Amino acid sequence: MGRPRRDISADTGKHARLARQLSELRPRNTTLADLAKLTGISPSTLSRATKATECPSWKTMLEYLTAFGEDPDDWRPQWDMCATERQRSQAGVPTDPAQRAPYQRMMPTSVLDKHTCAVGLRELRIWRGSPTYAAMSHHASKQDQPVAKTTISDVLNAKIVPSVNALKGILAGLGMGPDDPEYDQWLQARRVLEATEMRQKIATKALQHATNRRVHRARPMLSPVRRED
């Protein structure tokens, strides 16, 4: 006989509240074994999802909620309040754009130069679980967007402005594709950044040229020195 549902109605705290709500999704008088057969989720995962003393991982939440036809986006804010910082980092950015604002992560619309671009991409990398450069490069290649580890390092350390292909490779390496609304924002930010840097280079060159001309005009004429015998 399988293990029946444990009564957690008397438990208190944020974890207990989440566990109660998740537990209420389960049909009554069903054991974990019965539920595992019904959903295809292992009994241990089902047990972790409704444990009143700790927060389940977002992966466990996704499996559990999907099995019961729930929209994970509806549960993400409450889960965020219970999750640890490490769990939120591993979970990555919410798929619902309206839920991204509270994270205070630098978005592509705030990119002003290659330094803020690097900060924004580094923060995105954190929310995507902090994959290594090697892992990002490998994943990008599998998505037909190859990018070298050295290029990723140079971009994320603000040494260079990424090319279009390099940026697409970095985003692919972080698991972000064209279907994500933030994807086009990053490409637009890169175009604006490239145009801004080009204008700055032209302005710097023009200023240097004007300075050289002023120096040339101000240079005094030297009179020949007569030698007296």
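All of these numbers come straight from a predicted model, not from anything done at the bench.

Draft legend 1. Structural view of the packing of aromatic side chains. What the rule picks out here adds up to two aromatic pairs. Judged by centre distance (5.1 Å) and plane angle (50°), the ring pair of Trp 58 and Trp 79 falls under tilted. Note that Trp 58 is positioned in helix H4 (residues 58-67) and Trp 79 in helix H5 (residues 72-82), a separation of 21 residues in sequence. Residue Trp 79 is classed as buried on the basis of its relative accessible area of 0%. A centroid spacing of 4.9 Å and a plane angle of 55° characterise the contact between Tyr 64 and Phe 68, whose relative ring orientation is tilted. Side by side, Tyr 64 and Phe 68 carry an identical accessibility label, which is buried. The aromatic ring of Trp 58 is capped on one face by Arg 76, whose charged end is 5.1 Å from the ring centroid.

Draft legend 2. Quick peek at helix H8 (residues 133-142). Here H8 has its buried residues at Met 136, Ser 137 and Ala 140. In a view along the axis of H8, the buried residues occupy a sector of 95°, so they form one face of it. Counted as exposed and oriented over 90 degrees from the buried face of H8: His 138 and Lys 142. Buried residues along H8 sit in contact with helix H7 (114-127), helix H9 (149-156) and helix H10 (164-173). Just past H8, the residue Asp 144 takes up positive phi, approximately 60°.

Draft legend 3. How the structure looks around the side chain of Thr 60. Note on placement: Thr 60 falls in helix H4. On the basis of relative accessibility, which here comes to 6%, the residue Thr 60 falls in the buried class.

Scoring rules and cut-offs
Residues numbered from 1 in each chain as written. Predicted model: local features only at pLDDT ≥ 70, side-chain atom pairs only at ≥ 80, totals over all residues. Heavy atoms only, no water. Phe/Tyr/Trp six-rings, centres within 6.5 Å; stacked < 30°, edge-to-face > 60°. Helix = DSSP H or I, 4+ residues; strand = E, 2+ residues; numbered from the N terminus. Buried < 20%, exposed > 50% of the residue type's maximum accessible area, 1.4 Å probe, protein only. Lys NZ or Arg CZ within 6 Å of the ring centre and 35° of its normal. Arc of directions from axis to C-beta. Contact = heavy atoms within 4.5 Å.

Purely geometric stuff here, so don't read any function into it on its own.
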